[in-house]
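Residue strings, one per chain:
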Protein chains: 2
Amino acid sequence: MNESPPGGPPPAPKGTVTQRAIERIKAMIGEGLLEPGQRLPTERDLAAQLGLSRSSMREAVRALTVMGVLEARHGSGIYVTQLQAGDLLETFGVVADLSRGPRLVELLEVRRALESTAAALAAARITPEQLKAVEGHLAAMNATDDPEEILAHDLAFHREIAIAAGNETMAAILEGLSSRTFRTRVWRGYQEEGAYARTRREHAAIHRALAARDPEAARAAAAAHVAEVEQWLRAQVGT
Amino acid sequence: MNESPPGGPPPAPKGTVTQRAIERIKAMIGEGLLEPGQRLPTERDLAAQLGLSRSSMREAVRALTVMGVLEARHGSGIYVTQLQAGDLLETFGVVADLSRGPRLVELLEVRRALESTAAALAAARITPEQLKAVEGHLAAMNATDDPEEILAHDLAFHREIAIAAGNETMAAILEGLSSRTFRTRVWRGYQEEGAYARTRREHAAIHRALAARDPEAARAAAAAHVAEVEQWLRAQVGT
DNA sequence: TGACCGGCAGTGGTCGGACCACTTCGATGG
DNA sequence: CCATCGAAGTGGTCCGACCACTGCCGGTCA
């Protein structure tokens, strides 16, 4: 109501209140004041503490929820997520879903770089159990004609390799790049052109390289595999 | 008020109203009903159309804003973004900001894979103007002792290369992986150990490979550059 | 004694309305 | 013709109420 007109009051007024709240909560987590899994005060209390209305606070919470930082459980409370790579990169899938034309090719270029690296790492680190799982999906993929099932095992095949690479962040990104709708859109056309045989051969090659613990071969096989789809898509888009 | 008790009413009840609104708007954009840059109806109208309160609608808009899909301009309206890679991958920086310990190493592994690929692509595609810009940042970086300035030109150096690679998506991801706070945190310690000379040498090597239009050399130089930091960080974390 | 279950308090989810801050654009006056 | 001002429109914020769900505590019954 008063305060010295110039100078400005202590609560540095920058951006919207909601934006400020988002930053403050994010900062609290960044500084370790809020541990993963910990429960936050109620929306009402939180709003009071940060000096804003519950509505605005709810928007801040929603924003952080989308970012994968917080998790709101109806009737229970608001919690900090485990901050796993998967939590934070969940929105990554949206990019794949909304991308069109040239951007799809770019996404596959990114995927080629990561998938080949993951395969190389996996070749060096994969455990016998994980190798067994990879073989399982490979066999299941070859044993059925149902496109849905093939797609499912295809996804699982690559996921298993990404995990075996021992880099959760990379695995989470690849997961996003293979989001359900993305894969469906791109592969629909690709596999309808009788590319099943080629896909099987390429998957087999990747598995062989993994079994042989040959990083370079795995890298090459994975890169070639993604490049095949990439080339096809490039032709479709007309680039 | 009535309706046949079983069966359930038409408006398929799944998840929260806000969540449904998010999906519906996202779907509209995905199906091309909403073009990039287009203005949406007002919050009040949108809420009425989708049959929910303005509060809930605002949360939906906030969520899509965080995802980089929508943009709200105070006093003007809500607009669909250009859906550029940069818009959609803005939240990627949050991952880098909130990551600690082992995950930082994982992020650098990802960066190594992408940065080396980008360098290879850039070597083949870079234009004389872009090469000039790269040289400019290289020179500026060597001409000052101010850590802040060095960091700024360092970032610009890598950004220029990422852009020259001609893959906006890859550039956007790398941008996120080099977010201000991330770089500051990691490089603070690294460069204080007198790594400036080494950094300069490595940057020069990358530039040399680009000038020579040698993709393989560029890939190797970039990979080695990131690997240096990665090794240092690995030692710090104790992995 | 033990498991079951009923109700109750607490919390997030939704709603409606009011007012504020900012942008936009047309009317006004020079 | 241009600059200025003002009103309408829109997002931003706040308030208060009620709904839906979770979790827990105490009572009940086998």
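None of the values given here were measured: they were computed from a predicted structure.

Student: Before we go on, may I ask you to explain the UniProt feature "domain: HTH gntR-type" (unreviewed entry) in chain A in this structure?
Tutor: What UniProt calls "domain: HTH gntR-type" (unreviewed entry) maps, in this numbering, to residues 15-83 of chain A. Segment residues 15-83 of chain A splits into 51% helix and 12% strand. End C-alpha atoms: 26 Å apart.

Student: Quick question: what am I supposed to make of the protein's contact with DNA strand C here?
Tutor: Close contacts around DNA strand C come from 25 residues, with Arg54 and Arg58 of chain A together with Thr16, Val17 and His74 of chain B the closest. In DNA strand C, atoms within 4 Å of the protein come 62% from sugar and phosphate. Here a phosphate oxygen of DNA strand C sits 3.0 Å away from a polar atom, N or O, in the main chain of Glu43 of chain A. For DNA strand C, a phosphate oxygen lies 3.1 Å from a polar atom in the side chain of Thr18 of chain B. Broken down by element, the residue count for the surface near DNA strand C peaks at 3 residues, all from helix H3 (residues 54-66) of chain B. Grouping the constituent residues of the surface near DNA strand C by class yields 4 nonpolar, 13 polar and 8 charged.

Student: Quick question: what am I supposed to make of the pattern of salt bridges here?
Tutor: Opposite charge on two side chains allows them to pair when their charged atoms are near. Summed over the entire model, instances satisfying the criterion amount to 29 salt bridges over all chains. Residue Glu115 of chain A is joined to Arg111 of chain A by a salt bridge in which the shortest nitrogen-to-oxygen separation is 2.9 Å. In this pair, Glu115 of chain A and Arg111 of chain A both sit in helix H6 (residues 102-125), 4 residues apart, roughly one turn of the helix. The pair formed by Glu115 of chain A and Arg111 of chain A is uniform in burial state, with each residue classed as buried. Beyond isolated ion pairs, a larger network of salt bridges with shared partners links Glu43, Arg54, Arg58 and Arg62 of chain A together with Glu59 of chain B.

Student: Looking at this structure, I do not really get the pairing of strand E2 (residues 77-80) of chain A. What am I missing?
Tutor: A regular strand places its side chains on the two faces of the sheet in alternate fashion. Side chains Gly77 and Tyr79 of chain A project from E2 of chain A onto one buried face, and the interleaved Ile78 and Val80 of chain A project onto a second face that is buried too. Linking two consecutive strands that pair antiparallel, namely strand E1 (residues 70-73) of chain A and E2 of chain A, is a turn of 3 residues; a positive phi of about 85 degrees is found at Gly75 of chain A within it.

Student: Whenever I open this one, the relation of the copies chain B and chain A confuses me. Can you help?
Tutor: Between the two copies of the chain lies a rotation about an axis combined with a shift along it. Under the fitted operation, chain B is carried onto chain A by 0.0 Å of movement along the axis and a turn of 180 degrees, and the coordinates agree to an RMSD of 0.1 Å. The symmetry that links the two subunits is that of a two-fold axis. An overlap of 100% is found between the interface residues of chain B and their copies at the interface of chain A, pointing to a shared contact surface.

Student: What should I look at first to understand the protein's contact with DNA strand D in this one?
Tutor: In the region of DNA strand D, 24 residues are neighbours, and Thr16, Val17 and His74 of chain A together with Arg54 and Arg58 of chain B sit closest. Take the atoms of DNA strand D that sit within 4 Å of the protein: sugar and phosphate atoms are 61% of them. Here a phosphate oxygen of DNA strand D and a side-chain polar atom of Ser56 of chain A are 3.1 Å apart. In the model, a base nitrogen of DNA strand D is placed 3.2 Å from a nitrogen or oxygen of the His74 of chain B side chain.

Student: When you look at the interface of chain B and chain A in this model, what are you seeing that I'm missing?
Tutor: Reports of interface size often rely on the accessible area that becomes lost once the parts have come together. Opposite the 40 residues of chain B that make contact, chain A presents 40 residues. Here Arg62 of chain B and Glu59 of chain A are joined by a salt bridge, their closest N and O atoms 3.1 Å apart. Here chain B is connected to chain A by 16 residue pairs in polar contact (both at pLDDT 80 or more). Of all the elements in the fold, those that place two or more residues in the side of chain B that touches chain A are helix H1 (17-30), H3, helix H4 (85-88), helix H5 (92-98), helix H6 (102-125) and helix H9 (168-177) of chain B. At 10 residues, the largest contribution of residues to the side of chain B that touches chain A is made by H6 of chain B. Per-class residue counts for the side of chain B that touches chain A are 21 nonpolar, 9 polar and 10 charged.

Student: Looking at this structure, I do not really get the packing of H6 of chain A against H9 of chain B. What am I missing?
Tutor: Between two packed helices, what matters for the description is the angle formed by their axes and the separation of those axes. Running from N to C, H6 of chain A and H9 of chain B point in directions that differ by 55 degrees, and their axes come no closer than 8 Å. Taken as axis vectors, H6 of chain A and H9 of chain B run oblique relative to one another. Touching Arg103, Glu106, Leu107, Glu109 and Val110 of chain A of H6 of chain A are Glu168, Thr169, Met170 and Ile173 of chain B, all from H9 of chain B. Its residues placed into classes, the contact of H6 of chain A with H9 of chain B shows 4 nonpolar, 1 polar and 4 charged.

Student: Looking at this model, I keep getting lost on helix H11 (residues 196-211) of chain A. Mind explaining?
Tutor: Residue and element names in this part refer to chain A. Helix length check: H11 (16 residues) gives 22 Å between terminal C-alpha atoms against 22 Å at 1.5 Å per residue, within 8%. Every buried residue of H11 is listed here: Thr199, Glu202, His203, Ile206, His207, Ala209 and Leu210. The buried residues of H11 occupy an angular sector of 160 degrees when the element is viewed end-on, so they sit on one face. The exposed residues of H11 that point more than 90 degrees off its buried face are Arg201 and Arg208. Downstream of H11 by one or two residues, Arg213 has phi in the positive range, about 55 degrees.

Student: Would you take a moment to explain the packing of helix H7 (residues 128-142) of chain B against helix H8 (residues 147-164) of chain B for this structure?
Tutor: Residues and elements named next belong to chain B. Running from amino to carboxyl end, H7 crosses H8 at an angle of 165 degrees, the nearest separation of the two axes being 9 Å. As the angle between them shows, H7 and H8 are arranged roughly antiparallel. Between H7 and H8 lies a crossing whose hand is left-handed. Residues Gln130, Ala133, Val134, His137, Leu138, Ala140 and Met141 of H7 form the contact with H8, whose participating residues are Ile150, His153, Asp154, Ala156, Phe157, Glu160, Ile161, Ile163 and Ala164. The residue makeup of the contact of H7 with H8, split by class, is 11 nonpolar, 3 polar and 2 charged.

Student: Mind showing me how you'd approach helix H2 (residues 43-50) of chain B here?
Tutor: Turn by turn, an α-helix covers 3.6 residues, leaving residues three or four places apart pointing in a common direction. Residue and element names in this part refer to chain B. Glu43, Leu46, Ala47 and Leu50 are the residues of H2 that are buried. Each buried residue of H2 lies within a common arc of 100 degrees when the element is viewed along its axis, so the set occupies one face. Seen from the buried face of H2, the exposed residues on the opposite side, beyond 90 degrees, are Arg44, Ala48 and Gln49.

Student: Got a minute to help me understand the packing of aromatic side chains in this structure?
Tutor: Any aromatic ring pair is given by two values, namely how distant the centres are and how the planes are angled relative to each other. Counted according to the given criterion, the structure contains 1 aromatic pair over all chains. The ring of Tyr79 of chain A has Arg73 of chain A lying over it, and the distance from NZ or CZ to the ring centre is 3.8 Å.

Student: Please explain the side chain of Ser116 of chain A as it appears in this structure.
Tutor: Residue and element names in this part refer to chain A. You can see Ser116 is positioned in helix H6. Residue class for Ser116 comes out buried when judged on its relative accessible area of 7%. A polar contact of 2.8 Å, which involves the side chain of Ser116, links it to the backbone oxygen of Arg112. Dropping the residues within four chain positions of it, Ser116 is found in contact with Arg111, Arg219, Ala222 and Ala223.

Reading guide: rules and limits
- The written sequence of each chain sets the order in which its residues are numbered from 1.
- Whichever chain is written first becomes A and whichever ligand is written first becomes 1, with later ones labelled in order.
- Given that the model is predicted, a residue must reach a pLDDT of at least 70 before its local features are reported, and side-chain atom pairs must reach 80 or more before they are shown or counted; all residues, however, enter totals for whole chains, interfaces and linings.
- Hydrogens and water molecules were not included; the side-chain quantities draw on all heavy atoms of the structure.
- UniProt positions are given in the numbering used here, feature names are shortened, and annotations may be inferred rather than shown by experiment.
- To qualify as a helix, a DSSP run of H or I must reach at least 4 residues; to qualify as a strand, a run of E must reach at least 2; elements of each kind are numbered from the N terminus.
- Here a residue is near a molecule or strand as soon as one of its heavy atoms is found within 4 Å of it.
- As used in this structure description, the phrase polar contact means that two N or O atoms lie within 3.5 Å; if the pair is within protein, one of them must be able to donate a hydrogen and the other to accept it, and residues adjacent in sequence are counted only when both atoms belong to side chains.
- Residue classes follow a fixed rule: Ala, Val, Leu, Ile, Met, Phe, Trp, Tyr, Cys and Pro count as nonpolar, while Asp, Glu, Lys and Arg count as charged, and any other residue, Gly among them, counts as polar.
- Salt bridges are defined as contacts in which a side-chain nitrogen from Lys or Arg sits within 4 Å of a carboxyl oxygen from Asp or Glu.
- Relative accessibility decides the category of a residue: with a 1.4 Å probe and only protein chains considered, values under 20% of the type maximum give buried, values over 50% give exposed, and everything between is partly exposed.
- At least two bridges found by DSSP between two strands is the condition for calling them paired.
- Residues below a pLDDT of 70 in either copy are left out; the C-alpha atoms of the rest, at least 70 in both, set the least-squares superposition of the copies.
- In this description, contact between two residues means that some pair of their heavy atoms is separated by no more than 4.5 Å.
- Orientation is described by axes fitted as lines to C-alpha atoms, over the contacting stretch for helices, and by angles from 0 to 180 degrees between their N-to-C directions.
- Roughly parallel refers to an angle under 35 degrees, roughly antiparallel to one over 145, roughly perpendicular to one between 65 and 115, and oblique to any angle outside these ranges.
- In this scheme, a helix's expected span is set at 1.5 Å multiplied by one less than its residue total.
- Comment: arc refers to directions from the helix axis out to C-beta atoms.
- Less than a right angle of anticlockwise turn of the near helix away from the far helix marks a crossing as left-handed, whereas a clockwise turn marks it as right-handed.
- Note on ring pairs: Phe, Tyr and Trp rings are taken, using the six-membered ring of Trp, and paired if centres are within 6.5 Å. Classes follow the plane angle, with under 30 degrees stacked, over 60 edge-to-face and the rest tilted.
- The rule is short: NZ of Lys or CZ of Arg within 6 Å of the ring centre and within 35 degrees of the ring normal puts a charge over the ring.

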